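Chain residues, written in single-letter form:
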Amino acid sequence: MSKIIKKFDEDVIRSAVNRIAEPVIQTLTPMGNNVLFEKDLHSIVTNDGATIAKMIDSEDEVEDAIIQMVKYGSLATNQAVGDGTSTTILFTKKLVDMGLDEISKGTKPMTLRKQYQQLRDSILEHSLKFKNEVSKEDWEKIALISSSGDAELARNVVEIIDTAGLDGMIFLNESKN
């Protein structure tokens, strides 16, 4: 059943964004913390922001809708570039907090929207100046971080990427052993 939000409720928005942001942000950086997450009678310990984000929801329909929007954006980043879930959620939290503060000071939401769109365009234009090609050595460093320091696994990942190519498809099957 759909629920119509008749009143702008800053507290529900902040609560929903914090509910997904707090555990995910713990995982930031290669030395990020592990998070213990319990759902459906089983526990998971991970430092992967995408895994944590996928598991978060709310019983409250409105709060859950907001969580799903944040989750959708962050997982879209992960899908597009292979990482960035936690960073996207951190940015979302900051933008929501700052936006709600501005609205409470009297800024009109549509004005704020235009300002955020201008900010986005400026960030995209500026970030392209730092774009560079990723070398095999860079892939090795990335794989080593992603594998939590497992050098053998990192080497295998880079070898597979090298074999498949950057536009190739890599399929993983669970071992039967």
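Here the residue numbering is sequential within each chain, running from 1 through the sequence in written order. Note on the predicted model: pLDDT of at least 70 is required for a residue's local features to be given, and 80 or more for side-chain atom pairs to be given and counted; whole-chain, interface and lining totals, by contrast, use all residues. In computing side-chain values, all of the structure's heavy atoms are included and hydrogens and water are not.

Caption draft 1: Fine view of the side chain of Ser58. Relative to the helices and strands, Ser58 resides in the loop between helix 2 (49-55) and helix 3 (61-81). Contacts described as polar in this section are N or O atom pairs within 3.5 Å, which, within protein, must combine one atom able to donate a hydrogen with one able to accept it, while residues neighboring in sequence count only if both atoms come from side chains. A polar atom in the side chain of Ser58 sits 3.2 Å from the backbone nitrogen of Asp60. Here the side chain of Ser58 touches Glu63 through a polar contact of 2.7 Å, side chain to side chain. Excluding residues that lie within four positions of it along the chain, Ser58 makes contacts with Arg19, Glu63, Asp64 and Ile67. Secondary structure elements are defined from DSSP: runs of H or I of at least 4 residues count as helices, runs of E of at least 2 residues count as strands, and each element is numbered from the N terminus. Residue contacts follow a heavy-atom distance rule, with two residues in contact if any of their heavy atoms lie within 4.5 Å.

Caption draft 2: The arrangement of the packing of helix 6 (residues 136-146) against helix 7 (residues 151-164) in detail. The contact between helix 6 and helix 7 brings their axes to 8 Å, and the two run at 135°. In terms of orientation, helix 6 and helix 7 fall into the oblique class. Here helix 6 and helix 7 pass one another in a crossing that is right-handed. In this structure, helix 6 contributes Lys136, Trp139, Glu140, Ala143 and Leu144 to the contact, and helix 7 contributes Ala151, Ala154, Val157, Val158, Ile161 and Asp162. Lines are fitted to the C-alpha atoms to define the axes, a helix being fitted only along its stretch in contact, and any angle between axes, read from their N-to-C directions, falls within 0 to 180 degrees. Every angle not falling under 35 degrees, over 145, or within 65 to 115 is termed oblique; those three ranges are roughly parallel, roughly antiparallel and roughly perpendicular. The sense of a crossing depends on the near helix, which, turned anticlockwise from the far helix by less than a right angle, makes the crossing left-handed and, turned clockwise, makes it right-handed.

Caption draft 3: Looking closely at the nonpolar core. Take the buried Ala, Val, Leu, Ile, Met, Phe, Trp, Tyr and Cys residues and link them wherever side-chain atoms come within 4.5 Å; each set so joined is a nonpolar core. Accessible area is worked out with a 1.4 Å probe on protein chains only. A residue is then buried under 20% of its type maximum, exposed over 50%, and partly exposed in between. Membership of the largest hydrophobic core comes to 16 residues, with the highest contact counts inside it found for Ile20, Val24, Ile52, Ile56 and Ile89. No other element matches the five residues that helix 1 (residues 10-25) contributes to this core. Setting aside residues no more than four positions away along its own chain, Ile89 makes contact with Ile20, Ala21, Val24, Ala53, Val70 and Ser74.

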